[in-house]
Amino acid sequence: MIRFEQVGKRYPDGTTAVDGLDFEVAEGELVTLVGPSGCGKTTTMMMVNRLIEPTTGRILVDGEDIAGVDPVRLRRRIGYVIQQVGLFPHRTVLDNTATVPALIGWKRGRARARAAELLELVGLDPATYGPRYPDQLSGGQRQRVGVARALAADPPVLLMDEPFGAVDPVVREQLQDEFLRMQATVRKTVLLVTHDIEEAVRLGDRIAVYGKGRIEQYDTPGAVLGTPATPYVAGFVGADRGLKRLSVTVVEADDLEQPVVVRTAESAERAAGRLRAAGARWGVVLDAGGDLHGWVGADELALAGRGGTVGDLAHRMNAWVAVGASLKQAFGVMLQHDAGWVAVLDGARFLGVLTPAKLHEALRRSVDADAQGVTRGEVAFDSVADV
Ligand code: ADP
Ligand code: MG
């Protein structure tokens, strides 16, 4: 979809901002460009919509060398989101969002209907926020409007330059989550610039790690973290690599342990007997449909005596995550609730529990899988270099 062929940029003052960029972004893929300040990320991005022209090499979008494409036409196919959003202060949020469709000649009604749809998509109720002005929004909300506006004309490509850089860490994570959810629906081809390796890892299908003016490694997040290509990448990725990997490894059904399960309708006496027989100090409580109801302790059941049911005694279970959540989220929930494990749900259906030991196993599994993946990647790279 986007292809860089030996692209370089030397500014008139002699600064070489980037050199020898040679990589490809597949359609529907989200690639993050990460590296320290001044390494050439913004330059790379601005060459794609021709705000900057390369001095060597060429860039193809959809197979077409963009040097021959009228920049205005090109930019209609490429949404652009920057950190200082650049909303028009005297226009409402709805009109700001409708800017591009209006510019390219959509009828006012259609442009505004589209804008409302996009505000909804980025989590802003159009009835509430549409009529407001940018200075009546928080930083995070403004950033959402920036994303909605970039998507308004439905461009297949999206360029995002530090889009979440200006907001605090909590809002930032929220925006990242929302963006990932949205990307799962709209499937744009995205280039996203960040100087934060965590953000790069969290968002990217693939990551380009920049050294000074060059890409040092272009690979999946798991491979970059697990097997950095150069000492520079290893240093940039940091010493707490294992922890960072937590945020890219997801909880799978195979990682789970199966504790003793009791049912809400079951008598306390019977449930106490079953827990005792299994040597368990507690059990997970499910309702008749198999949905999670909570948990219950063996001692409480034993003390309850005759007549009571498990449902009467069960506690709410707050320590849970959805299957597919990251290990980091699961670990966070564990710490937050001071729990020795977290329940894993598929919708409301209980799948099992994740314990610290299983969490570590899952982490190791991910490291091993990537080590193998990278060996294959190197073979492929060699054969390309031979051509
Ligand atoms: P990043 O986005 O990674 O921080 P940039 O692409 O903005 O990096 O800049 C890369 C290098 O090019 C830096 O050394 C920067 O100072 C230089 N640079 C950027 N824009 C210009 C310009 N217009 N003229 C000269 N040098 C520039
Ligand atoms: Mg920059």
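Because the structure is a prediction, the values reported are computed rather than measured.

### Let's talk about the site of ligand 1
(1) Moving on: Around ligand 1, the structure places 13 residues, and the nearest of them are Gly38, Gly40, Lys41, Thr42 and Thr43.
(2) Moving on: One of the side-chain nitrogen or oxygen atoms of Tyr11 is found 3.5 Å away from a nitrogen atom of ligand 1.
(3) Moving on: Contact between ligand 1 and Gly38: an oxygen atom at 2.7 Å from a main-chain N or O atom of the residue.
(4) Moving on: Against a free-state accessible area of 560 Å², the protein chains account for coverage of 63% of ligand 1.
(5) Moving on: Take the shell around ligand 1: its biggest share by element is three residues, from helix H1 (residues 41–48).
(6) Moving on: Its residues placed into classes, the shell around ligand 1 shows four nonpolar, six polar and three charged.

### Digging into the nonpolar core
(1) Moving on: Residues Val147, Met160, Phe179 and Leu192 are the most contacted members of the largest nonpolar core, which totals 30 residues.
(2) Moving on: Secondary-structure elements contributing two or more residues to this core are helix H3 (93–97), helix H5 (108–121), helix H7 (139–151), strand E7 (157–161), helix H8 (169–186) and strand E8 (189–194).
(3) Moving on: Within the second largest apolar cluster, 27 residues are counted, among which are Ile2, Val48, Ile66 and Leu74.

### Concerning H7
(1) Moving on: An ideal rise of 1.5 Å per residue puts 18 Å on 13 residues; H7 measures up with 19 Å between its terminal C-alpha atoms.
(2) Moving on: Along H7, the residues classified as buried are Gly140, Gln141, Gln143, Arg144, Val145, Gly146, Val147, Ala148, Arg149, Ala150 and Leu151.

### Topic: the domain arrangement of the protein chain
(1) Moving on: On domain assignment, one finds that the protein chain holds domain 1 (2–248) and domain 2 (253–363).
(2) Moving on: Relative to domain 2, the C-alpha centre of domain 1 lies at a distance of 41 Å.
(3) Moving on: Of the residues lining the interface, six residues belong to domain 1; the matching set on domain 2 comes to six residues.
(4) Moving on: Carbon and sulfur atoms supply 64% of the area that domain 1 and domain 2 bury against each other, a total of about 570 Å² over both sides.
(5) Moving on: The three residues of domain 1 that bury the most area against domain 2 are Arg245, Leu246 and Ser247, which together make up 69% of that side's buried surface.
(6) Moving on: Summed over the shared surface of domain 1 and domain 2, the result is one salt bridge.

Thresholds applied
- Residues numbered from 1 in each chain as written.
- Chains lettered and ligands numbered in written order.
- Predicted model: local features only at pLDDT ≥ 70, side-chain atom pairs only at ≥ 80, totals over all residues.
- Heavy atoms only, no water.
- Near = heavy atom within 4 Å.
- Polar contact = N/O pair within 3.5 Å; in protein donor to acceptor, adjacent residues only side chain to side chain.
- Areas by Shrake-Rupley, 256 points an atom, 1.4 Å probe, with all protein chains shown as cover.
- Helix = DSSP H or I, 4+ residues; strand = E, 2+ residues; numbered from the N terminus.
- Nonpolar A, V, L, I, M, F, W, Y, C, P; charged D, E, K, R; others polar.
- Core = buried A, V, L, I, M, F, W, Y, C linked by side-chain atoms within 4.5 Å.
- Buried < 20%, exposed > 50% of the residue type's maximum accessible area, 1.4 Å probe, protein only.
- Expected span 1.5 Å × (residues − 1).
- Domains from an automatic or database assignment.
- Contact = heavy atoms within 4.5 Å.
- Buried area = accessible area lost by both parts, 1.4 Å probe.
- Salt bridge = Lys/Arg side-chain N within 4 Å of Asp/Glu carboxyl O.

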